[in-house]
Amino acid sequence: MTQSFVISGDLLIGAGTAGDDRSVYAINPATGANLEPAFAVASVADVDRACELAAQAFDTYRATSPEARAAFLEKIAANIMDIGDILIQRGNEETGLPAARLEGERARTVGQLRLFAQVVRSGEWLDLRVDPALPERKPLPRSDLRLRQIPLGPVGVFGASNFPLAFSVAGGDTASALAAGCPVVVKGHLAHPGTGELVGRAIRAAVAACNLPEGVFSLVTGANETGAALVRNPHIKAVGFTGSRGGGLALGAIAAARAEPIPVYAEMSSINPVYLFPAALAARAEALGKAFVDSLTLGAGQFCTNPGLMFAVDGPHLDRFVASASGTLTERAPAPMLTPGIHAAYDKGVAALSGNEAVKTVAQGLAAEGVNRSPAIFFETDVEHFLADEKLGNEVFGASSLLVRCKDVAQMVAVAEKLEGQLTATLHLDAGDHADAAKLVPVLERKVGRILANGWPTGVEVSHAMVHGGPFPATSDSRSTSVGTLAIRRFLRPVSYQDLPNALLPPELRDEGIKSLPHLLDGVRK
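Residues numbered from 1 in each chain as written. Predicted model: local features only at pLDDT ≥ 70, side-chain atom pairs only at ≥ 80, totals over all residues. Heavy atoms only, no water.

- As recorded in an unreviewed UniProt entry, the protein goes by the name Aldehyde dehydrogenase (NADP(+)), listed as coming from Rhizobium tubonense.

**Side note on the packing of helix α2 (residues 66-83) against helix α4 (residues 99-122)**
Inference 1: One way to put it is that α2 packs onto α4 with a least axis distance of 8 Å and a crossing angle of 170 degrees. Between α2 and α4, the angle falls in the class roughly antiparallel. Here Pro66, Glu67, Arg69, Ala70, Ala71, Leu73, Glu74, Ile76, Ala77, Ala78, Ile80 and Met81 of α2 lie close against α4, whose contacting residues are Arg106, Thr109, Val110, Leu113, Arg114, Phe116, Ala117, Val120 and Arg121. (Axes fitted to C-alpha atoms, helices over the stretch in contact; angles between N-to-C directions. Helix = DSSP H or I, 4+ residues; strand = E, 2+ residues; numbered from the N terminus. Parallel < 35°, antiparallel > 145°, perpendicular 65-115°, else oblique. Contact = heavy atoms within 4.5 Å.)

**With respect to the UniProt feature "domain: Aldehyde dehydrogenase" (unreviewed entry) in the protein**
Inference 1: Residues given the UniProt feature "domain: Aldehyde dehydrogenase" (unreviewed entry) here are residues 21-469.
Inference 2: Annotated as residues 21-469, this span is 44% helix and 19% strand, and its ends, taken at the C-alpha atoms, are 37 Å apart. (UniProt positions renumbered as here; feature names shortened; annotations may be inferred.)

**Describing the side chain of Asp433**
Inference 1: Relative to the helices and strands, Asp433 is located in the loop between β17 (422-428) and α14 (434-447).
Inference 2: Look at Asp433: it is buried, it has no salt bridge, and the nearest opposite charge is Arg284 at 6.5 Å.
Inference 3: A polar contact is formed between the side chain of Asp433 and the backbone nitrogen of Ala279, at a distance of 2.9 Å.
Inference 4: A distance of 3.0 Å separates a polar atom in the side chain of Asp433 from the backbone nitrogen of Ala280.
Inference 5: Once you skip the residues sitting within four places of it in the chain, Asp433 turns out to touch Phe277, Pro278, Ala279, Ala280 and His428. (Buried < 20%, exposed > 50% of the residue type's maximum accessible area, 1.4 Å probe, protein only. Lys, Arg positive; Asp, Glu negative; His and termini not counted. Salt bridge = Lys/Arg side-chain N within 4 Å of Asp/Glu carboxyl O. Polar contact = N/O pair within 3.5 Å; in protein donor to acceptor, adjacent residues only side chain to side chain.)

**A short note on the pattern of salt bridges**
Inference 1: The tally for this structure, following the rule as stated, stands at 27 salt bridges.
Inference 2: One salt bridge in this structure joins Arg22 and Asp10, with 2.3 Å as the shortest N-O distance. In this pair, Arg22 is assigned in strand β3 (residues 22-27) and Asp10 in the segment before β1 (11-13), connecting sequence segments twelve residues apart.
Inference 3: By relative accessible area, which is 36% here, Arg22 ends up partly exposed.
Inference 4: You can call Asp10 buried: its relative accessible area is 16%.
Inference 5: Between Arg90 and Glu94 there is a salt bridge, and its shortest N-O distance comes to 2.9 Å. A residue pair is termed a helical-turn pair when its members lie 3 or 4 positions apart in one helix, as Arg90 and Glu94 do in helix α3 (residues 85-95) at four residues.

Next comes the structure, spelled out in structure tokens:
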């Protein structure tokens, strides 16, 4: 490991460091002990300095060639790998997540950086369009019109608690914003500040190696005040956030109240309904029960796509599923949750369900041994009580799930109409279920961002066709995704050029430049 990648507790503001108030410690959730060193808390002045540097860097960075920008993303990926085992070790200490999970998350992080490098090189994201002049058109001639997408400006990114790598300092929001040509100021999550600093130093080293302006990247640490200052800063033109509904709504309100309102792309709340259709239950109820518990307890249930809600038709096959799930769950020991705060919120949510007279506790995991641990738990109720109490549809972030017993498939479809927006919906079905599922799919298209069959939602592929988003409150903008190559679109806007001389056009729209890039010519793909 090089000297560039030590953990000092500093704020990384451009090429410099800052931080007089060193009062925050990471906590090892497996033991409850503080981890050295103390981390600096960013003041409003620190945030403003980072945003000012980002604004100064913007025009230079957005003018970089696709090759230069792609090489920068690849350099970040290489630097993250060069950190070595210390990144995995520190991530484990700060989150309690096992090494294998963190190694997979690191691979995902560098993979999405490299994927966005491919996107940048391809030029598709520019959405180039040319409508040639028609001077002889009657009754009025048409001007020469050319269009491209340009970056919005500096972007504020909020690291997520539950993904210390893939949704944090160099996660999907940062990768897609940098790919679009936007400098990034990251507010690192207090759950894993050391992990974040290591990655932040890797990004900063890539900025220097690629001879980019220092303001292309900064990392600040702090609590709510730091985040609010970031969103309020007039240099910030968009925000990417993954976290609670309350946090996302608060940031959205700040952004909307600015003199210049800006978009906040917030992923906030989802319980990810799973639909167990009759033929599938009849054929493989026991296997489904075991697979459900595997998905429910993965990472102590701390996934935004955790299967927190299930619907199925009451009957003996559903009873087989419940028996299988219960037997599997009672053998599962709880893992430490990410932070004491997340653990306390999970216990509160479980207590609310346990204390509801309309809810039955079906099974729970082994008793907790150690701090910040609670057993996974499986509840059930019926449709009437579920519809009568909207609190039964609240997200419990952790390994908790509620089964809703339905009278028939028609009732499953009807209750789907009452659900809030979700990230995912899952269908377990066989060929005999297709006719019934066809009635549900149109409803789910209005309710969720991703519909999957015969799998489990706790796995989000980083690819061209992935959507990780959904209607409110799953996200603040259902037109966007935070995962996959379409994520770049959040940080772009179109500019049209009318009758500009060729020499004044951006290089990719000039007559000699556009021929080598994908574009629409008078509406025809070239």
